[in-house]
Structures are given as C-alpha cells and as structure tokens.
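Results of the structural survey
Okay, here's what each chain looks like letter by letter:
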Amino acid sequence: MATLGSLTELYQDCDVFYTEKQQLSVTQQQELLQRICQQTVQLAVNTPFLLISQLSLTPATALVSSKLFIKQAALLTAIAMAGRWPEDLLFQLLKSCLLQPLAVTNLLEKSAKAEELSASEQHQLKFPAVVTIKQHKELVEKAGVLNLLHQCYGKNRGLAIWQSPYFSQLISFCWQVTRLMLPGAGNLIALEKISVQLVPQATVIELQFWHALSCLHSCSYSTGRFIRDSEANLALLLCEMHSSEQIQLLVQPYDKSTKQLLPQRILPATDWHLLNPRQYSQDNWLSGWQQENKYLPLWPEPTNLPALSWLQQLSQAAKVSQQAELIEQHPWLMQQLQQKASAQSRQQQKIHSTQHAIAMLGQEQLLPLLKQAWLEQHCQQQHQPLHDWLLEFRRVLAKALYLLTQPIKLYALTVQQAELLAWCLCWPLWQQSDLRFMALSHPTQAGSLISHWLKQQLWQSEHYQQLAVKTLKHLQFNQSWQDACLHYRALPTSGHSHAMAFVLAFAFDLTASVFSDSDDNDRLKHSYKFVENQLAAHLCSAAEWQMLLVEQSQPVTQLIASCSFISPFFKVTPQEATDLSQMSA
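Here we take up the overall build of the chain. Along its length, the chain carries 30 helices and eight strands. Scored against the burial criterion, the 585 residues of the chain give a buried share of 54%. In the chain, the proportion of contacts linking residues at least 24 apart, taken out of those at least 6 apart, comes to 69%. When the accessible surface of the chain is totalled, it reaches about 26200 Å², and 49% of it is carbon and sulfur.

Right, here's the structure in full:
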C-alpha cells in the first residue's frame, strides 16, 4: 500500500523533475516522469482520499508546478473514480498534466509572488503545453502525449467542443481549475468558489467534469478542510458519510493547546462551519487518510450484474410473487422496472411495489423490458467517455429499425422490439476499449474520428459482429434478425436469401448518415438499392428515408450532465474577495 512518505516523496520527485530539467538527459527525464506517474496512480488507487485532500491542503514548501500537478492528479482521481476509468488511462492523463507546465516553471514561481508579468508571459501561462511542446518536443513525443497536449485549450482558441478531443478538454479543465486554486501571494481558493465562477460559462463537456466531481457528494471540495463549531472547536475533515437519515463527518479534532490532531471521531454535520483551504507544514496532518478505515471510500469495484441465465430463470417462474422475489435481489433492476411502470400509469402515479409494477406492465412486456434494462445497465457500467454519443446513436438506430420494418409484412417491429434490437446491436460498441483511448492517440477532429470508427466497427470488425450475433442469440431474439446480423455485410453480392440482412445494412448506413459530418450519399444510395423493392411503396428514395428519420428522431440531443455543489454545512465561512476574472485560465 502507498504510504504517507509516498506523497512526500512525490512532491520531492516533482520538484526535481521541474528544477533539474536542464541537467537531466531526455532518457533520465522520461524515467523520472514514468516513476512519478506510477507513484501517483498507486496513491490514487490505494489511498484516493489522501490525494483528494490535496485539493484543500497545500504544502508550505514545494514548487508551484509540483503543487499544481498534485492538485490536477487529485481532480483526475475524483473524476476517474466517478467514471470507473482504468489505471492505464489515468496514467496517460497524469503524464500529460505533469509535462504541461514544464517550460513555464519559472513563470509560475514569479506569478505566485505576485510579480508583474508581461503580456507574453501571461500568454505562456494561458497555453503552457504549447511552450512545452516547442522546448521539450522529444520528451513529449517519447511520453506518447504529443497529440493530446497539442489539442489542449480549444475553448480559449475559439474552437467548438467537437473540434477538441475529450481528454484534451479534461487536461485544459484541470489546468484552469488548479491555476485558480493558487492565484498567488499565498492565497488559496476553495474548489466550490471556483465552481461558482466557472459552471455558468462551462461547455457541455466541462459540465460533465463538474458533475463527476459532485459524484463524491461534496467530498471533492470538503475533504482536507478544517471545520469549526459554534464553540470554536476545530477539526480536520477526512470525509463525509451520506446515509438516508443524515450526513455524518469523519474528523480528527484539533487540540489547540498541543497543536496536534486527535484520534478520529464520527460527528453529525450540524453546527459545523467549513473553513478555507490551508497550507500545512507537518506531514502528520495527512496521517488520517493513511489508516485503514471502513468509512473512507475506496477506488470503486464494478457492480456485478446477474448472469443472462437469470432472465431465463425469471421467465420460468410461475407466480408474480416469485418473479418479484427474483427481481428484488437486484435493487437497480427493481428500481428501473418501477420507473417504467410509473411512466405507463395513466395518472402518472409513482409505483413502489414490484408486484404492482409487474401487473401493470404485463407478462408480455416484462421479459423484454428486463433484457433491455440488463443491457442498459451493463453499458452504463462501462463508463465510456463517449457514453452520451453512443446513447444517441442507439436511440436513432431504434427509430430507423422501427420505421424501415413497418412496410414489410411479417417482419414489422413494435416500438419495444425495435428498442431492444437496437440495444443488442449497440451493446458491443460499449465494449470496445479503443473507443475509450481514441482521444489519447489521434489528433484529428473528434466528430470525424468517431464516425470513421463507427463505420469500421459496423462493417469491418469481426469482434463487433461476433458479439452482436452472440447477444441476439443469448437474448433469444427472432432467428431472422440473428441471420440478418450474421449476413448483412454480404451486401455487394446480394446472393443470399436472408430477408432482413439488407434492411439491417440500410438501417446502419441510414443511422450513421445522420451522425456523419461527411456527405456520403453514394454509399446510402447503393445500400438502398437492395431494399428498394421492399420499401419503395412507402418512400421512393434513400434521401426521403433520411429526411423521415431526421424528422422522427429530432432532436438529436446533446445531453447536459447536471451539476450541483451542495454543502452539508449551514454556511461556508466567507472568503476574501478575489477577482477571478483577472486570473490567467
């Protein structure tokens, strides 16, 4: 397990990395960079709240660059915990954040002393990675983060969000937030103060980052803060513990006479006020996050989903009470079922009983809804950064499948069948790890890149097709659609007799055309030729089907993550007025 000494050594190693950059060879710099990032990942995984405490606690000694990196590592840890991101992804992001200020270390020290900066120097602090790439390009290339850093600060450069990779926007976000935390002259600004300034002007992607920070309740900005009660007693807040009844605080009381922290205690959140962030000079202030404590949140483990065979067991249950008992073994599934039943209630009555929900939905709907819920939950647990985009693609594909099958006798899908079929066909997309790392490895526009990736999956990837066929089989979907999934790529030969294969191929092309930023009408027209006999009586061209799909599936939404910073404290002690608008982002 990582130790308190690991954090102290981490600050020391960061200082060496930034101060001795001229004395070290590129190979030595790369080795030190690797070691720093590996140590940071170990801290993030083993003692995440020790790292997150550095958002509020700042060492009195250490370079500003080192303090900024550790605070960025803390932000990334909180966001990675919310997103269940793998350790190797966190490692890549940490390398980018560590390298980002390498060429502006001296300017950061100058800024921290409130010394006047020239316009050129202010510009360098606004775009530090640009300067680092110019001066240390070989090191950045060997670290494998050139493309990622090169695409940073898109917002400040006036680019649309789709023109910057997701993770480049995350690195820019971390830089902007941590710079505001250390404005200079010894001032320390709290994260919730910064959120008030930045959230109103945040992009859709930045709101997702703020939302991820709020997933730890308010722990991401209160952990590591001192609190005070009405009798002026002080305590160091280790973390908050939220339950259905109340919010409790895990703290270490502070003895004013000895100036030492006392053993841990659990206190109710009432009557405590949150104080401003502090500097610390004694490492033992951090020992509370080192001790094994069941109340300290850990790096999250994935939730186990029931095996698909469980659905078969459910379908064989003779009584509603037996079905309800099986469903209630999985609270998330029970909740989804009750929500769907509530949505179908004529009076919009909220359903709290599983048996009542089953009765309302009926046996015919029950199993398909549970299959869909299983797939949906599984996709949610992949925590793909492009999750919202995939959700939209699946939604529009479901609409396309429904519309295209209506003119075809014997094969017309109901809305629910089209929804489930689209989940089966899109579920494999969530399983592709290369989608998660896409922004790390490619410098081109994100919109073009994901469209290209999607076409590769649908038309070239054997792994995708195998997963899709296997999913349809396991969920016992109609045999005609299993055959269609197995043979839809044989479009150019048109020599087979699987009726729905051509329809599925056209549905894929039609849906992809709605999301593509390129005009690929020739492909769509070619795909339409093979289904023209079945669909021409309804609409007579590919363009007309495209227009219908766009009309029926509007709006293709940009899902905005909700974000709130709700403190459990009755008030937050006012901070000295700081004009954040004057700060370099």
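More follows now that the structure is in view.
A separate point is the pairing of strand 4 (residues 247-255). Note: strand 3 (residues 234-242) against strand 4, eight bridges, orientation antiparallel. Paired with L237 across the bridge in strand 4 is V251. When strand 4 meets strand 6 (residues 265-268), the two strands line up antiparallel, connected through four bridges. By the bridge assignment, V251 is partnered in strand 6 with R265. The pairing of strand 4 with strand 5 (residues 260-261) spans two bridges and is classified as antiparallel. Bridge pairing in strand 5 places Y254 opposite L261. The hairpin turn running from strand 4 into strand 5, its antiparallel successor, is four residues long, and K259 in that turn takes a positive phi close to 60 degrees.

Let us now look at helix 20 (residues 387-405). Between its first and last C-alpha atoms helix 20 spans 27 Å; for 19 residues at 1.5 Å apiece the expected length is 27 Å, and the two agree. Across the 19 residues of helix 20, 14 count as buried, placing the element largely inside the fold.

Turning to the pattern of salt bridges, a few remarks are in order. By the definition in use, this model includes eight salt bridges. Where E121 meets K110, a salt bridge forms, and the shortest distance between an N and an O atom there is 3.3 Å. With E121 in helix 7 (residues 119-126) and K110 in helix 6 (residues 105-112), this pair connects stretches of sequence that are 11 residues apart. Overall, the relative accessible area of 25% leaves K110 in the partly exposed class.

Now for the packing of aromatic side chains. For the coordinates displayed, the defined rule picks out 15 aromatic pairs. Between W85 and F167, the aromatic rings sit 5.5 Å apart at their centres with planes inclined by 85 degrees, giving edge-to-face as the arrangement. Of the two residues, W85 sits in the loop between helix 4 (64-83) and helix 5 (87-99) while F167 sits in helix 11 (residues 166-181), which places them 82 residues apart along the sequence. Grouping residues by exposure puts W85 and F167 together as buried. Judged by centre distance (5.5 Å) and plane angle (80 degrees), the ring pair of F127 and Y153 falls under edge-to-face. In this pair, F127 sits in the loop between helix 7 and helix 8 (128-135) while Y153 sits in the loop between helix 10 (146-150) and helix 11, placing the two residues 26 residues apart along the sequence.

This part takes up the pairing of strand 2 (residues 226-229). Looking at chain direction, strand 2 and strand 3 are connected through three bridges and run antiparallel. If you follow R228 over to strand 3, its bridge partner there is L234. Following strand 2, the chain reverses through four residues before pairing antiparallel with strand 3; A232 in that reversal takes a positive phi of roughly 70 degrees. Where strand 2 lies against strand 7 (residues 272-274), three bridges are found, and the strand directions are antiparallel. Across the sheet, residue I227 finds its bridge partner in strand 7, namely L274.

With 114 residues, the main nonpolar core has F17, L99 and L170 as its most contacted residues. Residue contributions to this core peak at 13 residues, all from helix 4. Discounting chain neighbours no more than four positions away, the residues touching F17 are Q29, L32, L33, I36, L98, L99, L102 and L139. Counting residues in hydrophobic clusters, the runner-up holds 64 residues, among them A418, L475, F477 and M500.

Here the focus is the state of the cysteines. Here a disulfide denotes a covalent bond joining the sulfur atom of one cysteine to the sulfur atom of another. Tallied over the full model, the rule gives zero disulfides. In this structure C37 is a free cysteine whose sulfur lies 8.2 Å from that of C14, the closest cysteine sulfur available. Residue classification places C37 among the buried residues on the basis of a relative accessible area of 0%. C379 takes part in no disulfide bond, and the closest cysteine sulfur to it belongs to C426, at a distance of 8.3 Å. The exposure class assigned to C379 is buried, which follows from its relative accessible area of 0%.

Helix 21 (residues 415-430) packs onto helix 20 with a crossing angle of 140 degrees between their chain directions and a minimal axis gap of 8 Å. Relative to helix 21, helix 20 is oriented oblique. As helix 20 packs across helix 21, the resulting crossing turns out to be right-handed. Contact residues: H387, L390, L391, F393, R394, L397, A398, L401 and Y402 in helix 20; V415, A418, E419, L421, A422, W423, L425, C426, L429 and W430 in helix 21. Of the residues that constitute the contact of helix 20 with helix 21, the class distribution is 16 nonpolar, one polar and two charged.

A separate point is unusual backbone geometry. Across residues other than glycine, the phi torsion is negative in most instances, and most of the peptide bonds are trans. The phi dihedral of K259 is positive, around 60 degrees, even though this residue is not glycine. By secondary structure assignment, the location of K259 is in the loop between strand 4 and strand 5. When its relative accessible area of 53% is taken as the criterion, K259 is described as exposed. Positive phi outside glycine occurs at Q476, with the angle close to 55 degrees.

A word on helix 6. Along helix 6, the positions that sit buried rather than exposed are T105, L107, L108 and S111. Down the axis of helix 6, the sector holding all buried residues measures 160 degrees, keeping them to one side. Immediately beyond the C-terminal end of helix 6, within one or two residues, lies A114, with a positive phi of roughly 60 degrees.

So, about the confidence of the model for the chain. The predicted structure's coordinates, where accompanied by low pLDDT, should not be read in detail. Residues with a pLDDT of 70 or more make up 84% of the chain, whose mean pLDDT is 81. Confidence, read as mean pLDDT per element, is least for helix 23 (residues 438-441) in the chain (53) and greatest for helix 8 (94). Within the model, pLDDT remains below 50 along residues 557-585, and this stretch shows 81 contacts once partners closer than five positions in the same chain are excluded.

A few words now on the side chain of T40. Relative to the helices and strands, T40 is located in helix 2 (residues 26-46). Overall, T40 belongs to the buried group, its relative accessible area being 1%. If we skip the residues at most four places from it in the chain, T40 touches L10, L51, F69, A73 and L94.

Considering the arrangement of structural elements, one finds F17 in helix 1 (residues 4-19). Distance in space between the C-alpha atoms of F17 and S65 is 9.9 Å, their sequence separation being 48 residues.

Cut-off values and rules
Residues numbered from 1 in each chain as written. Predicted model: local features only at pLDDT ≥ 70, side-chain atom pairs only at ≥ 80, totals over all residues. Heavy atoms only, no water. Helix = DSSP H or I, 4+ residues; strand = E, 2+ residues; numbered from the N terminus. Buried < 20%, exposed > 50% of the residue type's maximum accessible area, 1.4 Å probe, protein only. Contact = heavy atoms within 4.5 Å. Areas by Shrake-Rupley, 256 points an atom, 1.4 Å probe, with all protein chains shown as cover. Pairing = 2+ DSSP bridges. Expected span 1.5 Å × (residues − 1). Salt bridge = Lys/Arg side-chain N within 4 Å of Asp/Glu carboxyl O. Phe/Tyr/Trp six-rings, centres within 6.5 Å; stacked < 30°, edge-to-face > 60°. Core = buried A, V, L, I, M, F, W, Y, C linked by side-chain atoms within 4.5 Å. Disulfide = S-S within 2.5 Å. Axes fitted to C-alpha atoms, helices over the stretch in contact; angles between N-to-C directions. Parallel < 35°, antiparallel > 145°, perpendicular 65-115°, else oblique. Left-handed = near helix turned anticlockwise from the far one by under 90°. Nonpolar A, V, L, I, M, F, W, Y, C, P; charged D, E, K, R; others polar. Arc of directions from axis to C-beta. pLDDT = per-residue confidence, 0-100.

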